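Below are the chains, spelled out letter by letter.
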Amino acid sequence: MSVLAAFCAVTIQAASAVEISQKGAMATLSGPINNGDEFLLRDFLTSPQGGQVKFIHLNSQGGRVLAAREMARHIRRAGLVTVVDASRALCNSACTALFTAGVRRHYLNATFADGAGGRGGLGFHEGNSLQASGARGYSGGAVAEMNNIYYEMGVPGAASLTTKAAFDRLYRISGQTALSLGIASSLSPP
C-alpha cells in the first residue's frame, strides 16, 4: 500500500462515527453519521460477513445528509430490511434517510402521539448548516437534500415532515403516522 493510500484509509476511518455490529442476519448501525461512514457501510455490506445481513437495526442521532444519502443507497442496493424500535432506539434527522431505504421498514413500539414528545423513534426537522456567524442555522439546501432522498427511496410522505420542527428541534412520529405516510411498511417485528 502506498503512503498516500495508507493516509487516505486512516483519514476515512478516523472520520467515521457510526458503529456497525452483526449477529447472524441482523446488523445494528449506531452513532452519529459523519462523512466517511458511507465507505464504512459499503465495505461492511460487501464483506463476506456483511453479505449474510438481511436486517439492519438503526439507532442514530443523525448527522451528515450527503453521507446518509450514499448510505441509504447502499442499504437499498443490498436489499436490507430496516428496523427502528422506538422503545430502545432513536433515528433522528439523516438517520430517517437510512430507514426509508429499507425494502421493508419496520417501526416498532411507536405508540406515542405525533409531536415533540418521546425520546425514541423517528425524528424529523428542518435542515441546518454552519452559518457565516459560526453558529448552526436553517438551510433550505439541506431540507431539499433530505426531501430528494425520500423521493429517491420511494417514500415521498416523509418529505412532508421536514418542516414540522425547526432545525434545532425534533418532530417525532407515531407508528400510525409512519404507516399512513408510507414511511413504515409494518409496525410488527420482522
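Scroll up a little and you will see the structure.
**A few points about the sheet that holds strand S10 (residues 171–172)**
Across the sheet, three strands lie side by side as S5-S7-S10; this open sheet has mixed pairing. Edge positions in the open sheet fall to strand S5 (90–92) and S10, since each of these has one partner strand only. Sheet analysis places strand S7 (residues 121–124) next to S10, joined by two bridges and oriented antiparallel. Bridge pairing in S10 links phenylalanine 124 to tyrosine 171.

**A closer look at the pattern of salt bridges**
Side-chain pairs of opposite charge can arise whenever the charged atoms involved come near each other. In total, this model carries seven salt bridges according to the counting rule given. Where glutamate 145 meets arginine 69, a salt bridge forms, and the shortest distance between an N and an O atom there is 3.4 Å. You can see glutamate 145 sitting in helix H5 (residues 140–152) and its partner arginine 69 sitting in helix H3 (residues 65–77), a full 76 residues away along the chain. The partly exposed category is assigned to glutamate 145, whose relative accessible area is 26%. Across the salt bridge formed by aspartate 85 and arginine 88, the nearest N and O atoms sit 3.3 Å from each other. On the basis of relative accessible area, aspartate 85 is assigned to the buried category, the value being 9%. The class for arginine 88 is exposed, based on a relative accessible area of 64%. Members of the salt-bridge network, linked through shared partners, are Arg69, Glu70, Arg73, Glu145 and Glu152.

**Concerning H3**
The end-to-end C-alpha distance of H3 is 18 Å, a good match for the 18 Å that 13 residues give at a rise of 1.5 Å each. Listed as buried for H3 are Val65, Ala67, Ala68, Met71, Ala72, His74 and Ile75. Down the axis of H3, the buried set is contained in an arc of 170°. They therefore lie on one face. Contacts from the buried residues of H3 go to strand S2 (26–30), helix H2 (37–45), strand S4 (81–85), helix H4 (95–100) and H5. Taken from the residues just after H3, glycine 79 is the one with a positive phi, measuring 70°.

Conventions used here
Residues numbered from 1 in each chain as written. Predicted model: local features only at pLDDT ≥ 70, side-chain atom pairs only at ≥ 80, totals over all residues. Heavy atoms only, no water. Pairing = 2+ DSSP bridges. Helix = DSSP H or I, 4+ residues; strand = E, 2+ residues; numbered from the N terminus. Salt bridge = Lys/Arg side-chain N within 4 Å of Asp/Glu carboxyl O. Buried < 20%, exposed > 50% of the residue type's maximum accessible area, 1.4 Å probe, protein only. Expected span 1.5 Å × (residues − 1). Arc of directions from axis to C-beta. Contact = heavy atoms within 4.5 Å.

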